[in-house]
Amino acid sequence: MSPSIHEPLARASVVADPGGTLLALDFDGTLSHIVDDPTRAFAHPGSVEALGRLGTVLGQVAIITGRPVRQALELSGFEGRPGLERLVIYGQYGAERWDAADGVVSEPPRPAAIARLAEVLPGWLDERGAHGVRIEDKGLAIALHTRGVDPGLFDSLRAPVAALAAELGLVVEPGRQVVELRAPGHDKGAALLALAEAVGARQVVFGGDDLGDLPAFAAVEQLRAQGVGGLLLCSASAEQDALVARADVVLEGPDAVAAWLTALADEIVPA
Ligand SMILES: O=P(O)(O)OC[C@H]1O[C@H](O[C@H]2O[C@H](CO)[C@@H](O)[C@H](O)[C@H]2O)[C@H](O)[C@@H](O)[C@@H]1O
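Residues numbered from 1 in each chain as written. Predicted model: local features only at pLDDT ≥ 70, side-chain atom pairs only at ≥ 80, totals over all residues. Heavy atoms only, no water.

### Some words on the nonpolar core
Here is a general trend for soluble globular proteins: nonpolar side chains tend to be buried in one another's company.
Thought 1: Counting residues in hydrophobic clusters, the biggest one holds 35 residues, and the most contacted among them are Leu51, Ile63, Phe78, Trp260 and Leu261.
Thought 2: Within the residue set of this core, elements represented by two or more residues are α1 (7–16), β1 (21–25), α2 (45–54), β2 (60–64), α3 (69–76), β11 (229–235), β12 (249–251) and α8 (253–268).
Thought 3: The greatest single-element share of this core, amounting to six residues, is contributed by α8.
Thought 4: Ignoring sequence-local partners within four residues, the contact set of Leu51 consists of Leu23, Leu25, Leu31, Val61, Ile63, Phe78, Leu84 and Leu261.
Thought 5: Judged by nonpolar contacts, the second largest core, of 25 residues, contains Ala191, Phe217, Ala219 and Leu243. (Core = buried A, V, L, I, M, F, W, Y, C linked by side-chain atoms within 4.5 Å. Buried < 20%, exposed > 50% of the residue type's maximum accessible area, 1.4 Å probe, protein only. Helix = DSSP H or I, 4+ residues; strand = E, 2+ residues; numbered from the N terminus. Contact = heavy atoms within 4.5 Å.)

### Observations concerning empty space enclosed by the protein
Empty space among the atoms can be located by rolling a probe the size of a water molecule over them.
Thought 1: Within the structure shown, the criterion is met by one cavity of 30 Å³ or more.
Thought 2: Asp28, Ile34, His145, Val178 and Glu180 are, among the 29 residues lining the largest cavity, the residues nearest its centre.
Thought 3: Where the lining of the largest cavity is concerned, the elements lending two or more residues are β6 (134–137), β7 (141–145), β8 (171–175) and β9 (178–182).
Thought 4: Tallying contributions element by element places β8 first for the lining of the largest cavity, with three residues.
Thought 5: Among the residues making up the lining of the largest cavity, the classes are represented as eight nonpolar, six polar and 15 charged.
Thought 6: The residue makeup of the lining of the largest cavity includes at least three contributed by each of domain 1 (6–108 + 186–268) and domain 2 (112–182). (1 Å grid on protein atoms, 1.4 Å probe; cavity = no way out; pocket = protein on both sides within 12 Å on 5 of 7 lines; lining within 4 Å. Points joined across faces, edges and corners; volume = space filled by probe spheres on them. Nonpolar A, V, L, I, M, F, W, Y, C, P; charged D, E, K, R; others polar. Domains from an automatic or database assignment.)

### Details of helix α4 (residues 112–127)
Thought 1: With 16 residues, α4 extends 23 Å from end C-alpha to end C-alpha; this agrees with the ideal 22 Å at 1.5 Å per step.
Thought 2: At Val120, α4 shows its strongest bend, of approximately 45°, with the proline Pro122 following within four residues.
Thought 3: Taken together, the buried positions of α4 are occupied by Ala113, Ile114, Leu117, Leu121, Trp124 and Leu125.
Thought 4: On the buried face of α4, the contacting elements are β6, β7, α5 (151–168) and β9.
Thought 5: Where α4 ends, the next residue or the one after it, Gly129, has phi of about 65°, a positive value. (Expected span 1.5 Å × (residues − 1). Bend = angle between axes of the 7 residues up to and from the residue.)

### Looking at the site of the ligand
Thought 1: Taken together, 21 residues form the shell around the ligand, and within it Asp26, Val35, Thr65, Arg176 and Glu180 come nearest.
Thought 2: One of the side-chain N or O atoms of Thr65 is found 2.6 Å from an oxygen atom in the ligand.
Thought 3: The separation between an oxygen atom of the ligand and a polar main-chain atom of Arg176 is 2.6 Å.
Thought 4: For the ligand, whose unbound accessible area comes to 580 Å², protein coverage reaches 97%.
Thought 5: Spatially, the ligand is embedded in the largest cavity.
Thought 6: Its residues assigned to classes, the shell around the ligand comprises seven nonpolar, four polar and ten charged.
Thought 7: When we break the shell around the ligand down by domain, the ones giving at least three residues each are domain 1 (6–108 + 186–268) and domain 2 (112–182). (Near = heavy atom within 4 Å. Polar contact = N/O pair within 3.5 Å; in protein donor to acceptor, adjacent residues only side chain to side chain. Areas by Shrake-Rupley, 256 points an atom, 1.4 Å probe, with all protein chains shown as cover. Sits in = over half its atoms within 2 Å of the grid points.)

### What to know about the pairing of β2
Thought 1: The element β2 is extensively covered by neighbouring structure, given that five of its five residues are classed as buried.
Thought 2: Burial along β2 is two-sided: the face carrying Gln60, Ala62 and Ile64 and the face carrying Val61 and Ile63 are both buried.
Thought 3: Inspection of the sheet shows β1 paired to β2 by four bridges, in the parallel sense. Directly across from Leu23, in β2, lies its bridge partner Val61.
Thought 4: For the crossover that starts at β1, traverses α2 and ends in the parallel β2, the hand is right-handed.
Thought 5: Direction of pairing for β2 relative to strand β3 (residues 88–91): parallel, over a ladder of three bridges. Within β3, the residue paired with Ala62 across the bridge is Val88.
Thought 6: This β-α-β element, β2 to α3 to β3, shows right-handed connectivity. (Pairing = 2+ DSSP bridges. Right-handed = clockwise from strand over helix to strand, strands pointing away.)

Here it is, written out as structure tokens:
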């Protein structure tokens, strides 16, 4: 895979106006490699280093993730890192927000429907013979991980999970060998639009790898239609190709994302 022909021009406009640029990135599959154990999905050191450099010159750097903010901080080492004193992290698809400037996590209370789901889920999975599915309780959402188990299980759970979510007034967030149930009312696109407006971004760069990033892609497309510059990066994988056609730059996973960010930092930040 090679970068699209639009990429050098778009990157040049970031180089020309770093202060007007909002750079926002997804976490899993973009900053971190996909691994079997979600507690071991550490951010790529090259990306962490590059973001520390870019944080000193860009208008705003942000992470927008399905992870709880606290997990993203544990896995990234962003907290307290020089250059990232103004970093903002939106967690759980925008339901949580953390600002490095004050270190406070703003988050809503755990929805009653999620508490109820946590009670019934082990029995519900047992009844369906869904052995090996791992439950990740994120407080505001619950993810069911099927990585490493029978691939057919993921598809067979699709309809019953949708029915369970509807029964509880929750929405389904599908991802890479994972399906989450969470409260409605948030998505990465709304988070990105709110941040772009708050910081007065003249151009927005967003990078992601999975279905949960599509609303952020749509947000950048919307901003473009309003005259704000936009650059869409796809961290590509064999597992998910939904973002490829809409991306301006297709990168081969987190290693290539780290290389792209490092090249950008090399262009903007004096050595
Ligand atoms: O929005 P993201 O930052 O991309 O987070 C989405 C979900 O990512 C995590 O799951 C994915 O990564 C795991 C670790 O590599 C992998 O084991 C799993 O198969 C992937 O789906 C995370 O565990 C979820 O909570 C996030 O919502």
